[in-house]
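Per-entry structural report
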Amino acid sequence: MRQLPRQTDPNVLVGFETSDDAGVYLIDDKSALVQTVDFFTPIVDDPRTFGEIAAANSLSDVYAMGGRPISNTLLFTKRLGTGVISTALKNGKATANAVSAAIRSMSTLNRAAAEALHEIEAHANYQNAIHAVTDVTGFGLLGHAREMALGNPAKGIETASFEFDHTQFAYLPGALQAAKEGHLPGGLKNNREFVSECAEFSTNVSQEYRDLLFDPQTSGGLLIAIAAEAAADALGALQRHGVSGSKVGRVVQKKSALVHVA
C-alpha cells in the first residue's frame, strides 16, 4: 500500500492524519476553509432525491467540524438504520413506510442541529461545553465513536472510553426487522470486523441492536460530546430547532474496552 506523505504545509490546520470529518485550511488570520469530498453508490433511483441525500451527507462533515474532545455526556441526533433498510430494499423486503422514513432522514440536513449547538456555545455559561462533534456515516455509530474516543494524545487530547445505552437510541421504522432478517450491508460487516476488538457488549444487548450500531449510515446524525451540565439545555435547543436528540451515553476515563454498549 502506498504511504501517504506527511503534511508539511503550515496552513493545513486539520489533515488526513487525525481521522477528522473534513480538512481545514487557513486562508488568513480570521478565516479557514473547511472542505470535504465524499462519494457513495446511489441507493435510490430518483436523481433529485439522491442529490439531496448526497448533499446532506457531505455537508454533515462541515457541520461536524467545530468540536473539541473530551467531555462527560454523549448526545445523538437522527435515527439509526439507513444501511439495513437500503439493503432490505435491494432485496425486495423493505416496506414503503421504512423506505420513506429512511429517505426523509437521509435528505435532512444537519444544519438545524449545528445551529442549535452554536446557540449553546453562545450561551455565557456554556462557551466551552461542546467538546467534540462527528457526523455518523459509513463507519457506523461505533466506528465514528471509536475515532472520537481515540482523541489525539500528540496534541494533548487524551484517549477516553465511551459507554452507550442501546435503548436510548432511536431506530428507523423497519430497521430492527431488517436487521433480524439478516439484511446486513457489506459495510456493516466490515465495520464490525474493524471495531470489534475495541468494543464490548453487555449480554442483554441482542444481536439486531449490535448490528444496527455497526450499520453504515448515509447522511446520519451528529454524535455530540458535551459537558454534562449543558446536556439538558442542548437537548432543549435541538428540540427548538426541530431536531430530535437523545442522551445516549457518557465519556469516562479510558478502560480496557474503548467502547462499551449496555
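Residues numbered from 1 in each chain as written. Predicted model: local features only at pLDDT ≥ 70, side-chain atom pairs only at ≥ 80, totals over all residues. Heavy atoms only, no water.

It is worth spelling out the confidence of the model for the protein at this point. The share of residues in the protein with pLDDT of 70 or more is 82%, and the mean pLDDT across the chain is 87. Low pLDDT, under 50, characterises residues 67-71; the stretch is placed with 22 contacts to residues that sit more than four places away or in other chains. (pLDDT = per-residue confidence, 0-100. Contact = heavy atoms within 4.5 Å.)

Grouped together as the largest cluster of nonpolar side chains are 47 residues, with contacts concentrated most on Leu141, Leu142, Phe164, Phe169, Leu213 and Leu223. Sorting elements by how many residues they give to this core places helix H5 (residues 140-150) first, with 5 residues. In this structure, phenylalanine 164 is in contact with Leu74, Leu141, Leu142, Ala145, Phe169, Leu223, Val248, Gly249, Val259, His260, Val261 and Ala262, ignoring residues within four places of it in sequence. Grouped together as the second largest cluster of nonpolar side chains are 20 residues, Ile120, Ile224, Ala227 and Ala231 included. (Core = buried A, V, L, I, M, F, W, Y, C linked by side-chain atoms within 4.5 Å. Buried < 20%, exposed > 50% of the residue type's maximum accessible area, 1.4 Å probe, protein only. Helix = DSSP H or I, 4+ residues; strand = E, 2+ residues; numbered from the N terminus.)

As a working rule, side chains carrying opposite charge can pair if their charged atoms are close by. Evaluation of the coordinates by the stated rule reveals 4 salt bridges. Between glutamate 119 and arginine 240 there is a salt bridge, with its nearest N and O atoms 2.4 Å apart. Of this pair, glutamate 119 sits in helix H4 (residues 111-122) while arginine 240 is found in helix H9 (residues 228-240), placing the two residues 121 residues apart along the sequence. Of the residues examined, glutamate 119 reaches a relative accessible area of 33% and is grouped as partly exposed. Here arginine 250 makes a salt bridge to glutamate 163, at a shortest N to O gap of 2.8 Å. On the criterion of sequence distance, the pair formed by arginine 250 in strand E9 (residues 245-253) and glutamate 163 in strand E6 (residues 160-164) is long-range, its members being 87 residues apart. Overall, the relative accessible area of 44% leaves arginine 250 in the partly exposed class. Under the relative-accessibility criterion, glutamate 163 is labelled buried at 17%. Put simply, Glu163, Arg250 and Lys255 are held in one network by salt bridges that share partners. (Salt bridge = Lys/Arg side-chain N within 4 Å of Asp/Glu carboxyl O.)

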